[in-house]
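# Coordinate analysis (summary)
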Amino acid sequence: MTKELFEQPDIYSSFPTPLALVSCADPKGKGNILTIAWVGVVCSEPPMVSIAMRRGKHSYPLVKVSGEFVLNVPTEQLVKETDYCGSVSGKTVDKWETAHLTPGPASRVKAPIIVESPINLECVVRHTLNLGSHDLFLAEVVACHVDTALMKGGKLDATAVRPLLYFCRDYWA
């Protein structure tokens, strides 16, 4: 094996990461969707996740002010919608309409769930860390919705989910 040292590595962006569609809402209830690849589970008790978001994104003040969002797990069936929601700004486009996604009511937060996503995690921000180009939102999962077709014997069937990953600037299931 031969390795090369890179002074300004772009390799970090090639590390496989799960993709999520983050839905959020302004104080009047108007929702937006943002595709995020820098997302992960950070704690089990209480259940917590993290998302890293640039402060210049349209969704940033929506999450910052409301203190909540929904983490929607996209599947390979939603790859076009996921790519689209990461390619256009909610400042100029209603992504719900143009991506043909359906906002649904959440049970514990004001941000809508994405009905087409088989897994929706309702999240309340507990901490925000300024990391440089991005802020890291650490959020408690306060409710979870799962499509019952993905359940077998009371457990999530991981082979049925087919979640999207982002790796080497491309989508994988």
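Residues numbered from 1 in each chain as written. Predicted model: local features only at pLDDT ≥ 70, side-chain atom pairs only at ≥ 80, totals over all residues. Heavy atoms only, no water.

## Examining the overall build of the protein
Our working definition: Helix and strand labels come from DSSP, where a helix needs a run of H or I of at least four residues and a strand needs a run of E of at least two; each type is numbered from the N terminus. Throughout, the radius of gyration refers to the C-alpha atoms, and the reference size of a globule is 2.2 Å times the residue count to the power 0.38. Exposure classes here rest on a 1.4 Å probe applied to the protein chains alone. A residue is buried below 20% of its type maximum, exposed above 50%, and partly exposed in between. Should any heavy atoms of two residues lie within 4.5 Å, those residues are considered in contact. Each accessible area is a Shrake-Rupley estimate made with a 1.4 Å probe; only the visible protein chains count as cover when residues are assessed.
Scanning the protein from terminus to terminus reveals four helices and 14 strands. Computed over C-alpha atoms, the radius of gyration of the protein comes to 16 Å, within 12% of the 16 Å expected from 2.2 N^0.38 for 173 residues, which places it in the range of a compact globule. Its C-alpha atoms put the protein at 50 × 40 × 35 Å along the principal axes. Considering the protein as a whole, with its 173 residues, one finds that 42% of them fall into the buried category. Of the contacts made within the protein by residues no fewer than 6 positions apart, 59% connect residues no fewer than 24 positions apart. As displayed, the protein has an accessible area near 10,100 Å², and 57% of this comes from carbon and sulfur atoms.

## Quick look at helix α1 (residues 59–66)
For clarity, the threshold we go by: When we speak of the arc, we mean the arc of directions from the helix axis to the C-beta atoms.
Residues of α1 that are buried: Ser59, Tyr60, Leu62 and Val63. Buried residues of α1 fall within an arc of 165° about the axis and therefore sit on the same side. Against the buried residues of α1 lie β2 (20–25), β3 (31–36), β5 (47–54), β6 (68–73), β9 (119–130) and β10 (134–146). Positive phi appears at Gly67, one or two residues downstream of α1, with a value of about 75°.

## Looking at the pattern of salt bridges
Once the charged atoms of two side chains with opposite charge are near each other, the side chains can pair. Put simply, the rule is: Salt-bridge detection follows one rule: a side-chain nitrogen of Lys or Arg within 4 Å of a carboxyl oxygen of Asp or Glu.
Counted under the stated rule, the structure contains four salt bridges. Here Arg126 ties to Glu140 by a salt bridge, and the two come within 3.0 Å at their closest N and O atoms. Taken together, the residues span a long stretch of sequence, with Arg126 in strand β9 and Glu140 in strand β10 at a distance of 14 residues.

## Some points on the sheet that holds strand β1 (residues 17–18)
The criterion, for reference: We treat two strands as partners when DSSP finds at least two bridges between them.
With antiparallel pairing, the three strands of this open sheet are ordered in space as β1-β13-β14. Two strands bound the open sheet, and with one partner strand each, they are β1 and β14 (170–172). Bridging between β1 and strand β13 (residues 165–167) involves two bridges; their strand directions are antiparallel. Across the sheet, residue Pro18 finds its bridge partner in β13, namely Leu165.

## Things to note about the side chain of Thr82
Structurally, Thr82 can be placed in helix α2 (residues 79–85). According to the relative accessible area criterion, Thr82 is buried, its value standing at 0%. If we skip the residues at most four places from it in the chain, Thr82 touches Leu19, Leu21, Thr35, Pro74 and Leu164.

## Description of the pairing of strand β4 (residues 39–44)
On any regular strand, side chains alternate: one points to one face of the sheet, the next to the other face. Alignment of β4 against β5, held across five bridges, turns out to be antiparallel. When the sheet's bridge partners are listed, Gly40 is paired in β5 with Ser50. Hairpin connection between β4 and β5: a loop of two residues separates the two successive antiparallel strands.

## Brief notes about unusual backbone geometry
Pro46 follows Glu45 through a cis peptide bond whose omega is -5°. Residue placement: Pro46 occurs in the loop between β4 and β5. Phi is positive for Arg162, close to 55°, though the residue is something other than glycine. In this structure, Arg162 sits in the loop between α4 (158–161) and β13. On the basis of relative accessible area, Arg162 is assigned to the partly exposed category, the value being 37%. Positive phi values are uncommon outside glycine, yet Arg169 reaches one of about 60°. Note on placement: Arg169 falls in the loop between β13 and β14. For Arg169, a relative accessible area of 53% gives the class exposed.

The values reported here are purely geometric and, on their own, carry no functional implication.
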